[in-house]
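Each chain is listed here by its residues.
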Amino acid sequence: MIRAIYPGSFDPVTLGHLDIIQRAARNFDELIVGVLNNQSKHPLFTVEERVKMLKEVSGKILNVRIMSFSGLLVDFAKEEKANCIIRGLRAITDFEYELQMAQTNSILNSEVDTMFLTASNDYSYLSSTTVKEIASFGGNIEKFVPKEICSRIYEKYSGKR
Ligand code: PNS
């Protein structure tokens, strides 16, 4: 059984994340989507809300499991018997941070490898931060996030405008 972990904040999940989940799931026996539980990042959604949204949008992919984690990613990977970390790469601007994280993780645990999937052209500009900014101004986010969760994002900003 070859198991991989796709970790992230997913605050909220975007169509770019979903594309990586679908493509990674095709290449591994099991894919665990690991949602970081880190209050110091002040996420818009609680970790429970982020896990729930991910379950709703990727529930039909049978070999995908959604879990939250706190602490070090390599420890979570070891606990879940996963020896591969998947990260999406959108542009060269992502690369420096991703390389630093991959190298750090490989020093922390040399048995865990990081593999990168390049973002599909359709989503190479997209980030959760952009989605939140557009939603905060009442803009249309339908092209950026799964339709099931659009209203959930707007709700977070209702009353704040
Ligand atoms: O979606 P993000 O915010 O870019 O994901 C970042 C994430 C969750 C992959 C990263 O912050 C992480 O792995 N955090 C866990 C703590 C950790 O293991 N840090 C050491 C690696 S640099």
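Here, the structure is the one placed above.
Below: a short report on this structure. Everything numeric in this text was worked out from a predicted model, so none of it was measured.

## Some remarks on helix α4 (residues 92–108)
Moving on, step 1. Given a rise of 1.5 Å per residue, 17 residues ought to cover 24 Å, and the 25 Å separating the end C-alpha atoms of α4 matches this to within 8%.
Moving on, step 2. Along α4, the residues classified as buried are D94, E98, A102 and N105.
Moving on, step 3. Buried residues belonging to α4 abut α3 (73–79), β4 (84–89) and β5 (113–118).

## Overview of the pattern of salt bridges
Moving on, step 1. If you walk through the whole model with that rule in mind, you get 10 salt bridges.
Moving on, step 2. The partner of E49 in a salt bridge is K156, with the nearest N and O atoms 3.0 Å apart. Taken together, the residues span a long stretch of sequence, with E49 in helix α2 (residues 47–58) and K156 in helix α6 (residues 150–157) at a distance of 107 residues.
Moving on, step 3. A salt bridge links R152 to E56; its shortest N-O distance comes to 2.6 Å. Note that R152 is positioned in helix α6 and E56 in helix α2, a separation of 96 residues in sequence.

The rules behind these values
Residues numbered from 1 in each chain as written. Predicted model: local features only at pLDDT ≥ 70, side-chain atom pairs only at ≥ 80, totals over all residues. Heavy atoms only, no water. Helix = DSSP H or I, 4+ residues; strand = E, 2+ residues; numbered from the N terminus. Expected span 1.5 Å × (residues − 1). Buried < 20%, exposed > 50% of the residue type's maximum accessible area, 1.4 Å probe, protein only. Contact = heavy atoms within 4.5 Å. Salt bridge = Lys/Arg side-chain N within 4 Å of Asp/Glu carboxyl O.

So, to be careful, I would describe these as geometric facts and stop short of saying anything about function.
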